[in-house]
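# Survey of secondary and tertiary structure
The residues making up each chain are set out below.
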Amino acid sequence: MSRSFGTVRAVDDVSLEIQDGEFFTLLGPSGCGKTTLLRTIAGFADLSAGQIRFGQKRIDTLPPHRRNTGMVFQNYAIFPNLTVGGNVAYGLKARSVPEVQIKERVARVLRLVHLDTYGDRWPHQLSGGQLQRVAIARCLVIEPEVLLLDEPLSNLDAKLRVEMRAEIRELQQQLKITAIYVTHDQEEALAMSDRIAVMRAGKLEQVARPQDIYRAPATPFVAEFMGTTNLLRGTVAGRAGEALRIRVGQQEFCAAGKAGEGESVSFSLRPETIRLLGPGETPPTGWGAFEARLGSVEFLGAITRIELQIGNDTMLRVASLDVLPDELKARGRIAAAYDPRRITVFRG
Amino acid sequence: MIAISRRDTFPLAIAILAFAFLGLFLLYPLLNVFGASFLDRTGTHFTLANYARMLSSSFYLGSLSNSLILGALSTLLTIVLGVPLAFCLARLPIPGKSLLLALASLPLVLPSFVAAYALVLLLGRAGVITRFLRDSGIPFTSIYGMTGMTIVFTMTLFPFVVFPALAAFKAIDVSVEEAGQNLGSSRWRTFWTVTLPVVMPAVLAGGLLVFIDVIESFGVPFVLAEDKPILAVEAYKLFVGETGGNPASAGVLGVLLIVCTAIALLIQRYYLGRRRFSTAARRAPPELVVKPWLRRLASVYSWGVVLIALVPFFAIIVISFMEFRGPVMHPNLSLDNFRDLLNQSWRPLINTLTLSTAAAIMAAAIGVPIGFAITRFRSRISDLLDVIAMTPFAVAGTVLAIGLIISFNSGWLVLTGGWLILVIAWVVRKIPFNVRASAAILHQIDPSLEEASINLGVSPLMTFARLTVPLMMGGIIGGMVLTWVTVASELSSTVVLYSGPWATMTVVMFQALESTGAGVASAAATVLIVFTVLPVALIYRLLRRHELGMM
Ligand SMILES: Nc1ncnc2c1ncn2[C@@H]1O[C@H](COP(=O)(O)OP(=O)(O)O)[C@@H](O)[C@H]1O
Ligand SMILES: [Mg+2]
């Protein structure tokens, strides 16, 4: 599907298939078209081209109020003129569900989101996290085909954000409901999702499981967007058995991958996969090693961030557990090792 | 994408209904006024003779220049008076500020021709003060003409400048001023070079409202102009004149009136609209610490201006309880004036109450959906709707009424002679306010609430009716009350359109003005004042001041 605003292609030829009961996350920087994509599913933005189906049923031709999606808005959009119970019952009333059933279903879903006793409260009496739960309950109660969540946690403080994300994931698993979740926070996406779609400028960069997105990014953009990485550019100097030998400045790296000799490639090496070697320590078998000068050191408690200078022009970031800056500074030159299988090579 | 998507059907339906209403009762009548001014005596051939005739008459040319001079003078004076007042209210400690603000907004809803009439009763030829002065040997002629009109307009219209300027003074980020002082500018210089330029667009916007209001005013010049010709009054006289009426000549003056107001409105829209400084205040400016004498001076000035503006209204209430023998007032308390007023008939009072209510309901029923379409659906249709809904603002009540009569006194739809034509004229005149007010309310309601409702399965139409309207209710009621009080004392189109049994309270007062029934006129004025102040006081909490500023 596609959606344009004038000349801006907010969603550009995106094709996705999402499984029943899957927690699917749209991840990307701000302005990449996540909200637009979600809103086309809900029906608040028209498609410029393409189709949307739930199972066999085509829904992009339906008006938004007949699509049976449940959307959780970034600012919750709780009706201020209705009580918590009234908010949750709103969608059921629209569906002409009998009064007794409404009561029962509202009570059930409020219990689910731990707001059993809040039915008669007014929205202005609730905290941010509680409003968030009302917004979710209000959607769950109508048993939507799909739950749509647009950065639902971005208005909460950091601690609550972590709690709520676990809670949302648990609810989704318990009810086996299909959820499409929009966020720009990669940690949130990794923690919650069954699959993640990374978007950039309206296009899909990669769709995969969290661990694959992180460990085997399909493009340099994905590699850099998912956490920190060292993105280096070099030339293929030849092969060493299965591995490629890639020359970066004076240093040569071994990496698993496919590319022709003399080809210019880039590759990603995550900081936490680089291991510092103690004096006299040898690298594990199959690993590559190099020597470097110590750059800046940043002590963050559990981990220490280190910059290593190789040759004149190559800088590598390393994240090490349980190292003290003073120890490193005493050494002068530093030896380090890496696993060639943890390097991802990008051609071109 | 030319195809109209389903989402557009709702605003499109609103737009079609609104276009139909405004087309029939605003644009079509205006077209007929234009037509009348460009047609010869037989009504079939295009001619410029009417314009040539009117513009070569020094009398009617004088009415044009008088109106413009009056507008300019009043605008200047309201600004000179209003800006310092706004500054005092925004930045200085004035005792009783919230009461003062409430009182300051009253002149916007009180009928200005009542103030004019009060001035006549006090300072006119046989006025109370005039006679007192004359008896004590102090030379004083009288208040009629430009002086009197300018005084009344300044006294009743200054809030148009004060409230926007007050908002602007409050919206200034203090750091801007501090930056000015930090760069070595004195406080006084900072005010002139930094503060004032920032609030100037708001002041000028208010000033243009004053200008338009003065040009369109019928009642004040009717009472006070005496032998000075004024556009709106001459158009009225030409149209209903004793010699049978002259729609062509009245049409020419009507067109001149519209041209003046339209130019002012266009300046407002396109020049000021762009020059508005963004005033996203991070820190609201604190009250200034000033020397006690300056604080006292500011308090006296602020309270003085506001109270003096209300004096005419107090005076007329007092006068209405005095005994009148013919045109001469005697200092004895009496209820005779009210008895005389109601002895004639209760009908005018009942007409005012019922017709104003009908108009207020209808204006809201039309204005709220238009405001909704304009704020929630940005498209070329809604932009056009916005422009058309603001058009009544540029059309003087006199001209609209003339157009309505030309259009609907014969043919397939006859409205003259009934009550509906009054209500329609009032509704058309109040649509800009109703649209603006509901747009202002809607700006404070998050659109995602409506999306949430639609997403939960409620259709857009039902969402509007069951969610949006209830959320807007406080504001809608406030707007309806303001509409009610202003149409209850509407004069300029009413005096052209009323007929026989459908005379209202303003008509009774108007007729009493023309004859010598000063007692009945002041009693009618008191009734109008009570009907204005009471409802506004009752719902003051529901109103926001900027709505008053939009009347
Ligand atoms: N209503 C709109 N009109 C015009 N452009 C829009 C509109 N909504 C979004 N866009 C544009 O589409 C792009 C994607 O926006 P959005 O979907 O909100 O991104 P995200 O949610 O990923 O931050 C942006 O470039 C944005 O400027
Ligand atoms: Mg977004």
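Residues numbered from 1 in each chain as written. Chains lettered and ligands numbered in written order. Predicted model: local features only at pLDDT ≥ 70, side-chain atom pairs only at ≥ 80, totals over all residues. Heavy atoms only, no water.

## Details of the overall build of chain A
Defined as follows: Only DSSP runs of H or I covering at least 4 residues are called helices, and only runs of E covering at least 2 are called strands; the numbering of each starts at the N terminus. Accessibility here uses a 1.4 Å probe with only protein chains present; expressed as a share of the type maximum, an area under 20% marks a residue as buried, one over 50% as exposed, and anything in between as partly exposed. Should any heavy atoms of two residues lie within 4.5 Å, those residues are considered in contact.
Regarding its fold elements, chain A presents nine helices and 20 strands. With respect to the principal axes defined by its C-alpha atoms, chain A has extents near 75 × 45 × 35 Å. Expressed as a percentage of its 348 residues, the buried residues of chain A come to 51%. Intrachain contacts of chain A at a sequence separation of at least 6 include 66% that bridge at least 24 residues.

## Topic: the nonpolar core
Convention followed: Grouping buried Ala, Val, Leu, Ile, Met, Phe, Trp, Tyr and Cys residues that are joined through side-chain atoms within 4.5 Å yields what is termed a nonpolar core.
Membership of the largest hydrophobic core comes to 253 residues, with the highest contact counts inside it found for Y117, M149, L224 and M509 of chain B. Ignoring any residue separated from it by four or fewer positions in sequence, one finds Y117 of chain B in contact with V223, I316, M509, L513, A518, A521 and S522 of chain B. Judged by nonpolar contacts, the second largest core, of 27 residues, contains L244, F290, I306 and V345 of chain A.

## Structural notes on the sheet that holds strand β3 (residues 23-27) of chain A
Residue and element names in this part refer to chain A. Selection criterion: A pair of strands is treated as paired once DSSP finds two or more bridges between them. Fitted lines through C-alpha atoms give the axes, limited to the stretch in contact for helices. The angle between two N-to-C directions lies from 0 to 180 degrees.
Within the open sheet, the six strands sit side by side as β6-β7-β8-β3-β9-β10. Their pairing is mixed. In this open sheet, the two strands that pair with only one neighbour each are β6 (69-72) and β10 (203-208). Along the sheet, successive strands turn relative to each other by an average axial angle of 20°, direction set aside. Set on the sheet, helix α1 (residues 34-42) makes contact with β3, β6, β7 (146-150), β8 (179-183) and β9 (195-200); between it and β7 the angle comes to about 150°.

## Points about the interface of chain A and chain B
Put simply, the rule reads: Reported buried area values correspond to the accessible surface (1.4 Å probe) lost by two parts on association, with both partners' losses combined. The rule for a salt bridge is simple: a side-chain nitrogen of Lys or Arg has to be within 4 Å of a carboxyl oxygen of Asp or Glu. Pairs of N or O atoms within 3.5 Å make up the polar contacts considered here, provided that, within protein, one atom can donate a hydrogen while the other can accept it, and that residues adjacent in sequence are counted only when both atoms are side-chain atoms. Residue polarity follows a fixed list, in which Ala, Val, Leu, Ile, Met, Phe, Trp, Tyr, Cys and Pro are nonpolar, Asp, Glu, Lys and Arg are charged, and the others, Gly among them, are polar.
Taken together, the 29 residues of chain A in the interface contact 20 residues of chain B. For the chain A and chain B pair, buried surface summed over both sides reaches about 2,100 Å², with 58% attributable to carbon and sulfur atoms. Sorting the residues of chain A by area buried against chain B places F44, H65 and Y90 of chain A first, and these three jointly supply 29% of that buried surface. Here chain A and chain B share one salt bridge between them. Residue R39 of chain A is joined to E451 of chain B by a salt bridge in which the shortest nitrogen-to-oxygen separation is 2.7 Å. Where chain A meets chain B, there are seven residue pairs in polar contact (both at pLDDT 80 or more). Of all the elements in the fold, those that place two or more residues in the side of chain A that touches chain B are α1, β6, α2 (84-94) and α4 (128-140) of chain A. For the side of chain A that touches chain B, the residue count by class is 16 nonpolar, eight polar and five charged.

## Side note on the domain arrangement of chain A
It is common to report an interface's size as the accessible area lost on association of the parts. Residues and elements named next belong to chain A. What counts here: As used throughout, domain bounds are those supplied by an automatic or database domain assignment.
According to the domain assignment, chain A consists of domain 1 (3-221) and domain 2 (230-347). Counting residues at the interface gives seven residues for domain 1 and seven residues for domain 2. Together, Y214, R215 and P220 form the three largest contributors to the area buried by domain 1 at its contact with domain 2, with a combined 73%. Here domain 1 and domain 2 share zero salt bridges between them. Summed over the shared surface of domain 1 and domain 2, the number is two residue pairs in polar contact (both at pLDDT 80 or more).

## As for α2 of chain A
The element α2 of chain A is extensively covered by neighbouring structure, given that nine of its 11 residues are classed as buried. Of the positions making up α2 of chain A, those classed as buried are V84, G85, G86, N87, V88, A89, Y90, G91 and L92 of chain A. Looking at the packing, one finds that the buried side of α2 of chain A touches α3 (99-112) and α4 of chain A together with α19 (447-455) and α20 (460-488) of chain B. After α2 of chain A finishes, the residue S96 of chain A shows a positive phi value of roughly 55°.

## With respect to the side chain of T261 of chain B
All names here are of chain B. If you trace the backbone, T261 turns up in helix α12 (residues 247-275). A residue is classified by how much of its surface remains accessible, and T261, at 1% relative accessible area, is buried. Side-chain polar atoms of T261 contact the backbone oxygen of A394, separated by 2.6 Å. Residue contacts for T261: discarding those within four places in its chain leaves I212, I215, E216 and A394.

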